[in-house]
Amino acid sequence: MSAGILWRRIRKYKFIYALFLPIALYFIVFSYYPLALGIINSFRKSKLIGAPEFVGLANYKEVLLNPLYADAFVNTVIVGVGTFVVQFIFGLLIALSLTEIKSNIVKSSVQSVTYLPNLLSWAIVGGMWIKILAPSGMANGFLQLLKGSGFTPVVFMAEPKYARAIMIFTGAWKGAGYFAVLFIAAIVSINSAIYEAASIDGASRIKQIFYITIPNLVPTMKVIVVLGSMGVLRNFDQIFVMGNSTIYDKIRNLLYLIYTDGIVNFKVGLATAAATLVLIATLLLSSIVRRMTKYDETYN
Amino acid sequence: MMERRDKISNELLLYQKLINYVFLSLVFIVMVIPMVNVVVISTSTALDAGQAGLKLWWTKFSLEGYEYVFRVTKLGRPFLNSVYVSFASTFIQVILSSLAGYILVQRELPFRRAITAFILVTMMIPGDLTLISIYQVNKQLSLLNSYTGLIVNGLISGFCILLMRNYFLSVPESLAESARLDGAGELKIFRSIYLPLSIPGLATIFFLEFVGKWNSLMIPATLITDQSLFTLPLMLKSMIINYSSVSGAPPAPDNAVMAAIVISTIPLILIYIFAQRFLLSGITLGASKE
């Protein structure tokens, strides 16, 4: 294409470019610039007086040698992957199970009820479960019923040994309905003629689920794995709301540690170095997952 | 023979159906019981709310928790703050995302791929990880402790832009082309052809964004220290902390905390009931497009 034609085309679309301007400006100020600023700060040490000092890779070294960050990494992976797996399994089971229900009222009420918590903030869900798991809460009420009198209430939220399980359970409680909705939307779009043909050939309903429904859900599963692999590293709100000093050691994740270091303790250099490392890990992880699931071939 | 085959019902066997119902009932119970518990506690007396027990039914119905929340905790202000900030930013988000989506469907636009890449890359920069720099940027722009700060942060998202782009792609280009031949300007084509044909998409991003903004905790927690600007999630969070701490200000009683939770949930339930129709039609449209 010659320069003249290109120029004429650009002029034809000048209004479109003008529309793009505010959008570009927003992304530069609130996306690209903070990213660059974070990377620059990760090589500097801020001081109380005067300009920050360039310290090379010192902050990165400190992050990698800091046991708090190592623990936070382990917590992030265990709680994140645990939540994702439970959520995935229950999302799939709920979707498959609802598909077999004929009654529309049952269907829509179960679907609404499982999806609803996904709309609620962690401030709501966390507050709710903190109360349920408190000594005077419902969980202890159930145990009391089971074990009878002489039972001493368990302080669930102050027991490090339950902390991760609680985070995984409440995370899946909140999120399973969302995955179920994604699966249901995919199941609805499967061509019903395939089921009819299979049923005429004598395949039982269970067989149809295993040989038609589930294979047809593979693309959706890939989407969910890609979504989930990003979500694993991005769980701040839950820990922010539900964490407390007795259980932090078991659940404090990278994002939360970065927040406390950077915003609360003013260790900007350390926190931005950690954030940059997590960012690189996120990009690597998502490109690996995308490649493994052949996501881009299916969706672009 | 054919008739008999047609009568073969394509359903689970009886015992399989039973297992299915048992599973769904369990799921239903696990989902619903905590919600019932919250509603019951919120409408009990402070005394009953603090007692041990299942609390799935009232010993004594009382609205004192709700009264406490508005009189002592003064939840009205954070509630209105959340309403204002969420509506304003969602409204602007829908306009800007659809405009940006429209830019991306201009097939012959020079540098369209570069523009698309520019937007796609922002989706790979997780906002949570640049939080510290976001704080500094907001400080430099004097957006800390301001409504503008709450509205502006997260104002446009690559995700919404791509979603609108996908809706717009299903609009037949011949429609736009013939309008262009009739002398219609770009804004007019956008407004009178693309937007009306993408209402489910607009409703979907409105719904998703409103919920996201209403629930947003990390950004307000970073930007806001002035209590008069607290949004609902921030207020809830501080009530929950008070409630689990031992010393300090008198914590709100359980029934008041649960009342605040119910109050924050109601708008979400309303918007869910109202928008579900759009959302589901949006999803099925996306799935059947192929």
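Residues numbered from 1 in each chain as written. Chains lettered and ligands numbered in written order. Predicted model: local features only at pLDDT ≥ 70, side-chain atom pairs only at ≥ 80, totals over all residues. Heavy atoms only, no water.

1. A short note on the overall build of chain A
Scanning chain A from terminus to terminus reveals 16 helices and two strands. In terms of overall size, chain A is more extended than a compact globule, its C-alpha atoms giving a radius of gyration of 25 Å where 300 residues would be expected to give roughly 19 Å. Dimensions of chain A, computed from C-alpha atoms along their principal axes, come out at roughly 75 × 70 × 30 Å. By the burial criterion, 52% of the 300 residues in chain A qualify as buried. Looking at chain A alone, contacts between residues at least 24 apart form 66% of all its contacts between residues at least 6 apart. When the accessible surface of chain A is summed, it comes to about 14,600 Å², and 68% of that surface belongs to carbon and sulfur atoms. (Helix = DSSP H or I, 4+ residues; strand = E, 2+ residues; numbered from the N terminus. Rg over C-alpha atoms; globule rule 2.2 N^0.38 Å. Buried < 20%, exposed > 50% of the residue type's maximum accessible area, 1.4 Å probe, protein only. Contact = heavy atoms within 4.5 Å. Areas by Shrake-Rupley, 256 points an atom, 1.4 Å probe, with all protein chains shown as cover.)

2. Focus: the interface of chain A and chain B
Counting residues at the interface gives 91 residues for chain A, matched by 98 residues for chain B. Of the roughly 8,300 Å² buried between chain A and chain B on both sides combined, carbon and sulfur atoms contribute 77%. Of all residues in chain A, the largest losses of buried area upon contact with chain B belong to Phe 30, Leu 119 and Lys 131 of chain A, amounting jointly to 8% of the total for that side. For the pair chain A and chain B, the interface holds two salt bridges. Between Lys 131 of chain A and Asp 254 of chain B there is a salt bridge, and its shortest N-O distance comes to 2.5 Å. In this structure, the connection of chain A to chain B is made through 18 residue pairs in polar contact (both at pLDDT 80 or more). In terms of residue count, the dominant contributor to the side of chain A that touches chain B is helix 2 (residues 14-41) of chain A (20 residues). (Buried area = accessible area lost by both parts, 1.4 Å probe. Salt bridge = Lys/Arg side-chain N within 4 Å of Asp/Glu carboxyl O. Polar contact = N/O pair within 3.5 Å; in protein donor to acceptor, adjacent residues only side chain to side chain.)

3. Here we look at unusual backbone geometry
Residue and element names in this part refer to chain B. Backbone geometry at Lys 55 places phi at a positive 55°, although glycine is not the residue there. Following the sequence through the fold, Lys 55 ends up in the loop between helix 3 (46-50) and helix 4 (64-71). A positive phi angle, near 55°, is found at Lys 74, a position not held by glycine. By the element assignment, Lys 74 lies in the loop between helix 4 and helix 5 (76-104).

4. Thoughts on helix 2 of chain A
Relative to the 40 Å expected for 28 residues at 1.5 Å per residue, helix 2 of chain A spans 37 Å between its end C-alpha atoms, a close match to the ideal helical length. Of all the bends found along helix 2 of chain A, the most pronounced is centred on Ile 28 of chain A and spans about 40°. (Expected span 1.5 Å × (residues − 1). Bend = angle between axes of the 7 residues up to and from the residue.)

5. Quick look at the pattern of salt bridges
Going through the model one piece at a time under the given rule, you end up with 12 salt bridges over all chains. Note that Asp 249 of chain A and Arg 252 of chain A form a salt bridge whose closest N and O atoms lie 3.7 Å from each other. Among the residues examined, Asp 249 of chain A registers a relative accessible area of 59% and is labelled exposed. The salt bridge partner of Glu 67 of chain B is Arg 71 of chain B, with a shortest N-O separation of 2.8 Å. Here Glu 67 of chain B and its partner Arg 71 of chain B are both found in helix 4, four residues apart, which amounts to about one turn of the helix.

6. A few points about the confidence of the model for chain B
All names here are of chain B. In this model, chain B carries an average pLDDT of 85, and 89% of its residues clear a pLDDT of 70 or more. Taking the mean pLDDT of every element in chain B, the minimum, 46, falls on helix 1 (residues 2-7) and the maximum, 95, on helix 8 (residues 147-152). Below a pLDDT of 50 lies the segment residues 1-7, which in the model reaches one contact outside its immediate sequence neighbourhood of four places, other chains included. (pLDDT = per-residue confidence, 0-100.)

7. Notes on the side chain of Asn 253 of chain A
Its location among the elements puts Asn 253 of chain A in the loop between helix 13 (248-251) and helix 14 (254-264). What Asn 253 of chain A contacts, discounting residues up to four positions off in sequence, is Ala 72, Thr 76, Asn 235 and Ile 239 of chain A.

8. Structural notes on the side chain of Ser 89 of chain B
Tracing the backbone through its elements, the reader meets Ser 89 of chain B in helix 5. Those residues in contact with Ser 89 of chain B that lie beyond four places of it in its chain are Ile 151, Leu 155 and Lys 213 of chain B.

9. Some thoughts on the packing of aromatic side chains
Scanning the model with the defined rule gives 35 aromatic pairs over all chains in all. Measuring from centroid to centroid gives 5.9 Å for Phe 84 of chain A and Phe 179 of chain A, while their planes differ by 70°, and the two rings are edge-to-face. In this pair, Phe 84 of chain A is assigned in helix 4 (residues 67-99) and Phe 179 of chain A in helix 8 (residues 160-188), connecting sequence segments 95 residues apart. Considered together, Phe 84 of chain A and Phe 179 of chain A belong to a single accessibility category, that of buried residues. Over the aromatic face of Phe 240 of chain A sits the side chain of Lys 237 of chain B, whose NZ or CZ is 4.3 Å from the ring centroid. (Phe/Tyr/Trp six-rings, centres within 6.5 Å; stacked < 30°, edge-to-face > 60°. Lys NZ or Arg CZ within 6 Å of the ring centre and 35° of its normal.)

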